[in-house]
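# Chains, contacts and geometry: an overview
One-letter residues, chain by chain:
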Amino acid sequence: MAQGCRHLAGIHDVVPSALGCEECLQLGDPWLHLRVCRTCGHVGCCDQSPNRHATKHFHATNHPIIEAYDPPEGWGWCYVDEIMLDLSDRPTPHGGPIPRFY
């Protein structure tokens, strides 16, 4: 794990909230990549997606750590400490096929 992150103890094994960006699915909007909150399991879209729901979730909840969820890339990000984390030893499993919009 990355040195300098004060939130490592807050990384939980979570159940993803949806098979895609939770809000984009409700809106019918596309996304590029997904991020899963490692505090509560919320699935949101990345900052390259039009709606940036993962970052909006952080601002609404202060849940600090996300994982690159789809595609799974083995890394995470702490919004508070602005540091990348190696999560390759604890990836969040997919609950089924994830829709593609790209």
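Scroll up to find the structure.
Since the model is a prediction, treat every value here as computed from it, not as a measurement.

Quick look at the pairing of strand 4 (residues 75-78) now. Burial along strand 4 is one-sided: the face carrying Gly76 and Cys78 is buried and the face carrying Trp75 and Trp77 is not. In this sheet, strand 4 lies alongside strand 3 (residues 65-70) in antiparallel orientation, the contact comprising three bridges. In the strand pairing of strand 4, Ile66 is matched with Trp77. As paired strands, strand 4 and strand 5 (residues 83-86) are joined by four bridges and run antiparallel to one another. Residue pairing for strand 5: Gly76 is matched across the bridge by Leu85.

Taken across its six residues, strand 3 has six buried, putting it largely inside the fold. Summarising the sheet, strand 1 (residues 34-37) and strand 3 pair through four bridges and their orientation is antiparallel. Along strand 3, the bridge assignment pairs Cys37 with Ile66. A loop of four residues connects strand 3 with strand 4, the two strands running antiparallel in sequence, and Gly74 in this loop sits at a positive phi of about 80 degrees.

Thresholds applied
- Residues numbered from 1 in each chain as written.
- Predicted model: local features only at pLDDT ≥ 70, side-chain atom pairs only at ≥ 80, totals over all residues.
- Heavy atoms only, no water.
- Buried < 20%, exposed > 50% of the residue type's maximum accessible area, 1.4 Å probe, protein only.
- Helix = DSSP H or I, 4+ residues; strand = E, 2+ residues; numbered from the N terminus.
- Pairing = 2+ DSSP bridges.

Taken by themselves, the reported measurements are silent on function.
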